[in-house]
Amino acid sequence: MKDAQIQKAYEAAKERYAEIGVNTDAVLEQIAKVSLSLHCWQTDDVTGFENPDGQLSGGIQATGNYPGKARNIEEVRKDIEKVKTLLPGNHRLNIHAIYGDFGGQKVDRDQIEPKHFQSWIDWAKANNMKLDFNSTSFSHPKSGDQTLSNRDKGIRDFWIEHTIRSRKIADEMGKQLGDKACHNLWIHDGSKDLTVDRYLYRSLLKDSLDKIFAVKCPNVKDAVESKVFGVGLESYTVGSHEFYMGYAVQNGIMCTLDMGHFHPTEETYDKISSLLLFTPEIMLHVSRPVRWDSDHVVILNDSVQLLAQEIVWANALGKTNIGLDYFDASINRIGAYVVGSRATQKAFLQALLTPIGKLREYEAEGKLFQRMAVLEEAKSMPWAAVYDYFCYQNNVPVAEDYIAEIEKYEKEVTSKR
């Protein structure tokens, strides 16, 4: 799009929004502060660098074999640097423990240290990014069906040590980068079929978590992530939403709400206001489930829009850590990154552009028709012109112009891998 066209469309949108009491210039300042935590595993299908074979297990899998997958740390970083040039705003990077810079050495997960991620910290500094971190319980000989809830104390101790070390790595990231790192704990623990000792496994998990969080990490925001079920673990999940919600509330840590980790008819957005009354912050994994937790690329659908609306309307942007979590290997991976990231931004922009003051007034006065009418009209307001201008302000491709940039990168870089 041409500069004059972008600016003219924005000025028209600005006037239209002013008519309903929304200051688009102020909204642009707000959306610029909304940082997404990009997920490094979209570049390489959750393979990591501790095992060259990269075989996934533990209720997790990436589907598709589109060419151009990142094969090493350098290629992952190069891809993320490219993505940064196509997204307006400043964003973070979320790393799993399997993405350490191990220098070709075999380092088991109970032996990882901050030194294995120092090059990531240095890279983040050079690229003006903050970092978040995740322990990794899947795809390991000691994963099995249970990790932190395993009956075998030796296996539990192994994963307790791994998770403590992961939090210490996150602590070092937060310390060196001057911004607390979110550490997210997700385990796949469960059972494929009928389970009689549900209480036992959950009591073991609670005991493991107590040991993990007894180690203080002042530069970390801790989060625990629930799930309904995993592949091969369909009948019972130890870390259910009720389990982690209770644990988070009791211990003053965050619950991670992953949009693919609930029942198909269960909307994630409705949990936010409840959790924020009892926990200091929340962590989001924005994803798109199709039938089950299939981690499809985020698009601007109703679920994402409702999620963004609830956060904005609850004045909770400052208490919400927004991460992306999907891995689609069936299409261009850089394209998947950009489509999903932009869709998430657009949802938050739309929420910020809604005349929430007027809506609250109507609701308080019982003017429910008026409330519904304004919400419906907001859907067709010229929000896209505001997002285009946001891209223009940040010197990144506007509208569909990023497609050609990604095609060029594929031709010059990823197609040669």
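Our structure's up above, just so we're on the same page.
Quick caveat: nothing in here was measured; it's all calculated off a predicted structure.

1. Thoughts on unusual backbone geometry
Here is step 1 of the chain: The phi dihedral of Asp295 is positive, around 50°, even though this residue is not glycine.
Here is step 2 of the chain: Examined against the element boundaries, Asp295 turns out to sit in strand β11 (residues 292-296).
Here is step 3 of the chain: Judged by its relative accessible area of 7%, Asp295 falls in the buried class.
Here is step 4 of the chain: Residue Asn315 is not a glycine yet carries a positive backbone phi of 55°.
Here is step 5 of the chain: Residue position: Asn315 is located in the loop between α9 (302-313) and β12 (320-324).
Here is step 6 of the chain: The exposure class of Asn315 is exposed, given its relative accessible area of 60%.

2. As for the packing of helix α3 (residues 73-84) against helix α4 (residues 118-126)
Here is step 1 of the chain: Two elements in contact, α3 and α4, have axes separated by 12 Å at closest approach and are oriented at 25°. Relative to α4, α3 is oriented roughly parallel. In this structure, α3 crosses over α4, and the sense of that crossing is right-handed. On the side of α3, the interface is formed by Ile73, Val76, Arg77, Ile80 and Glu81, while α4 contributes Ser119, Trp120 and Trp123.

3. Topic: the sheet that holds strand β1 (residues 36-39)
Here is step 1 of the chain: Strand order in the closed barrel formed by eight strands is β1-β2-β3-β4-β6-β8-β9-β12, with parallel pairing between adjacent strands. Direction aside, the axes of adjacent strands within the sheet are offset by 30° on average.
Here is step 2 of the chain: Relative to strand β8 (residues 254-258), strand β6 (residues 220-225) runs parallel, the two sharing three bridges. Along β8, the bridge assignment pairs Glu225 with Thr256.
Here is step 3 of the chain: Here helix α5 (residues 153-177) sits on the sheet and contacts β2 (92-96), β3 (131-134), β4 (181-185) and β6; the angle it forms with β4, its principal contact strand, is near 165°.

4. Remarks on the state of the cysteines
Two cysteines whose sulfur atoms are joined by a covalent bond form what is called a disulfide.
Here is step 1 of the chain: According to the stated counting rule, one finds zero disulfides in the structure shown.
Here is step 2 of the chain: Cys40 takes part in no disulfide bond, and the closest cysteine sulfur, belonging to Cys182, lies 15 Å away.
Here is step 3 of the chain: Of the residues examined, Cys40 reaches a relative accessible area of 0% and is grouped as buried.

5. Observations regarding the nonpolar core
Here is step 1 of the chain: Of all hydrophobic cores here, the largest spans 114 residues; its most connected members are Leu93, Ile95 and Leu209.
Here is step 2 of the chain: Broken down by element, the residue count for this core peaks at ten residues, all from helix α10 (residues 333-352).
Here is step 3 of the chain: In contact with Leu209, other than residues within four places in its own chain, are Leu148, Leu185, Phe243, Tyr244 and Tyr247.

What counts, and where the lines are drawn
- Residues numbered from 1 in each chain as written.
- Predicted model: local features only at pLDDT ≥ 70, side-chain atom pairs only at ≥ 80, totals over all residues.
- Heavy atoms only, no water.
- Helix = DSSP H or I, 4+ residues; strand = E, 2+ residues; numbered from the N terminus.
- Buried < 20%, exposed > 50% of the residue type's maximum accessible area, 1.4 Å probe, protein only.
- Axes fitted to C-alpha atoms, helices over the stretch in contact; angles between N-to-C directions.
- Parallel < 35°, antiparallel > 145°, perpendicular 65-115°, else oblique.
- Left-handed = near helix turned anticlockwise from the far one by under 90°.
- Contact = heavy atoms within 4.5 Å.
- Pairing = 2+ DSSP bridges.
- Disulfide = S-S within 2.5 Å.
- Core = buried A, V, L, I, M, F, W, Y, C linked by side-chain atoms within 4.5 Å.

The values are spatial; any link to function lies outside them.
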